[in-house]
Amino acid sequence: SRRDALPRDLEGVRIAVSAGGTREPLDPVRYLGNRSSGKQGYALARTAAQRGAHVTLVSAHTVGLPEPAGVDIVRVGTAGELREAMHAVSAKVDVVVMAAAVADFRPTARAEYKIKKTDREPDPVFLTRNADILAELVAARKPGQVIVGFAAETGDSGADVLSHAREKLRRKGCDLLVVNAVGEGKAFETEDNSGWLLSADGEERPIELGSKARMASDIWDSVAQLIQQ
Ligand code: CTP
Ligand code: CA
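Cut-off values and rules
- Residues numbered from 1 in each chain as written.
- Chains lettered and ligands numbered in written order.
- Predicted model: local features only at pLDDT ≥ 70, side-chain atom pairs only at ≥ 80, totals over all residues.
- Heavy atoms only, no water.
- Helix = DSSP H or I, 4+ residues; strand = E, 2+ residues; numbered from the N terminus.
- Rg over C-alpha atoms; globule rule 2.2 N^0.38 Å.
- Buried < 20%, exposed > 50% of the residue type's maximum accessible area, 1.4 Å probe, protein only.
- Contact = heavy atoms within 4.5 Å.
- Core = buried A, V, L, I, M, F, W, Y, C linked by side-chain atoms within 4.5 Å.
- Axes fitted to C-alpha atoms, helices over the stretch in contact; angles between N-to-C directions.
- Parallel < 35°, antiparallel > 145°, perpendicular 65-115°, else oblique.
- Left-handed = near helix turned anticlockwise from the far one by under 90°.
- Nonpolar A, V, L, I, M, F, W, Y, C, P; charged D, E, K, R; others polar.
- Donors = N, O, S within 2.8 Å, 3.2 Å for Na, K, Ca; no water.
- Expected span 1.5 Å × (residues − 1).
- Polar contact = N/O pair within 3.5 Å; in protein donor to acceptor, adjacent residues only side chain to side chain.
- Salt bridge = Lys/Arg side-chain N within 4 Å of Asp/Glu carboxyl O.

K.L.:
Quick question: what am I supposed to make of the overall build of the protein chain here?
P.N.:
From N to C terminus, the protein chain includes 6 helices and 12 strands. The C-alpha atoms of the protein chain give 18 Å as radius of gyration, which agrees with the globular expectation for 229 residues (17 Å, within 12%). Dimensions of the protein chain along its principal axes, counting C-alpha atoms only, are 65 × 40 × 35 Å. Across the 229 residues in the protein chain, those meeting the buried criterion constitute 46%. Relative to all contacts within the protein chain whose residues are 6 or more apart in sequence, the contacts with residues 24 or more apart total 66%.

K.L.:
Even after reading the chapter, I still don't get the nonpolar core, so can you show me in this structure?
P.N.:
The tendency in soluble globular proteins is for nonpolar side chains to be buried side by side. Within the largest apolar cluster, 32 residues are counted, with the highest numbers of intra-cluster contacts made by Ile15, Leu44, Val97 and Trp220. Those residues in contact with Ile15 that sit more than four places away from it in its chain are Leu10, Ala48, Ala53, His54, Val55, Thr56, Val93, Val95 and Trp220. Counting 26 residues, the second-largest nonpolar core is a separate cluster that includes Ala16, Val58, Ala85 and Val138.

K.L.:
Looking at this model, I keep getting lost on the packing of helix H2 (residues 39–50) against helix H6 (residues 212–228). Mind explaining?
P.N.:
Two elements in contact, H2 and H6, have axes whose closest approach is 8 Å; the angle formed by their N-to-C orientations is 60°. With respect to their mutual orientation, H2 and H6 come out oblique. The way H2 lies across H6 gives a crossing that is right-handed. Of H6, the residues touching H2 (which contributes Lys39, Gln40, Ala43, Leu44, Thr47 and Ala48) are Lys212, Ala213, Met215, Ala216, Ser217, Ile219 and Trp220. A breakdown of the residues in the contact of H2 with H6 according to their chemical character gives 8 nonpolar, 3 polar and 2 charged.

K.L.:
Got a minute to help me understand the coordination of the calcium ion (ligand 2) in this structure?
P.N.:
In this structure, Asp104 (OD) and Asp104 (OD) serve as the protein donors to the calcium ion (ligand 2), at separations of 2.4 to 2.6 Å. Residue position: Asp104 is located in the loop between strand E6 (95–98) and strand E7 (105–107).

K.L.:
In this structure, what is going on with H2? I would like to understand it.
P.N.:
Note on helix geometry: an α-helix contains 3.6 residues per turn, so any two residues three or four positions apart are oriented the same way. Relative to the 16 Å expected for 12 residues at 1.5 Å per residue, H2 spans 16 Å between its end C-alpha atoms, a close match to the ideal helical length. Across the 12 residues that make up H2, a large majority, 9, are buried. Taken together, the buried positions of H2 are occupied by Gln40, Gly41, Tyr42, Ala43, Leu44, Ala45, Thr47, Ala48 and Ala49. Backbone geometry just downstream of H2 places Gly52 in the positive-phi region, at approximately 105°.

K.L.:
Help me understand the side chain of Asn130 in this model?
P.N.:
Structurally, Asn130 can be placed in the loop between strand E8 (127–129) and helix H4 (133–139). Judged by relative accessible area, Asn130 falls into the buried class, the value being 13%. A distance of 2.7 Å separates the side chain of Asn130 from the side chain of Arg106, its partner in a polar contact. Sequence-distant contacts of Asn130, that is, excluding residues within four places in its chain, are made with Glu24, Ala79, Ala103, Asp104, Phe105 and Arg106.

K.L.:
Help me understand the pattern of salt bridges, please; the structure alone is not making it clear to me.
P.N.:
Side-chain pairing between opposite charges can occur once the charged atoms of the two side chains come close. Scanning the entire structure with this criterion turns up 15 salt bridges. We note a salt bridge from Glu67 to Arg75, for which the minimum N-O separation is 3.0 Å. Both residues of the pair, Glu67 and Arg75, count as exposed. The closest approach of N and O atoms between Glu204 and Arg166, which form a salt bridge, is 2.6 Å. Residue Glu204 is located in strand E12 (residues 204–211), and its partner Arg166 is located in helix H5 (residues 158–172); the two are separated by 38 residues in the primary sequence. Counted as one network, the salt bridges with shared partners bring together Asp9, Arg51 and Asp221.

If you want it as structure tokens, here you go:
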């Protein structure tokens, strides 16, 4: 089986993985969210643990995924909570993977009570930027620490997706960027992913369409290579 074939090349490596979608509250019962299922991040955490790593999974909202065996879990809600948790855990790990879908914006105010429907038109919702956690983690990177980012990109053609992704890799400064081609029912809420793995050194590997577990293996192969360098 695949499990028997798993290498133990991450033995003792300390890894933090963020997963799922953050939720930004408008009032006690409503939020701005996104459609991340958390499946890719959970597959990464599970696979890394199977390959011998000590894994901390920082989990925002998911579609009710079971906790992977042998993994420490920290649960968060908002991007602000995810940011705090990632800064705390990343100081203690060799590898950081930001697979979470982080809300770029949050409502400027959170109403203390449920917003009521009245006869008047509703008030507009004002938004403010959230911090870029990945960029902050790169800025705080310890010597030798490997940092992996994700990007879900759309484009009219593969070239468009890739050029957006290359630019994002440069902008974020991470070591690896996992690029998912999205749109036309790809990636979101599906079992299968495909895309590219872009390295800061210029290497670009296509990731064949396959399960999220399969994609996780490809990502850990590249990370294991970077750690050995
Ligand atoms: N990310 C992050 N903090 C944010 C937004 C994104 O750490 N506030 C991380 C994501 O977890 C992912 C990577 O940055 O690993 C890329 O996220 P993405 O949304 O594709 O990039 P953005 O810089 O937000 O650009 P845009 O959404 O405009 O494409
Ligand atoms: Ca974004």
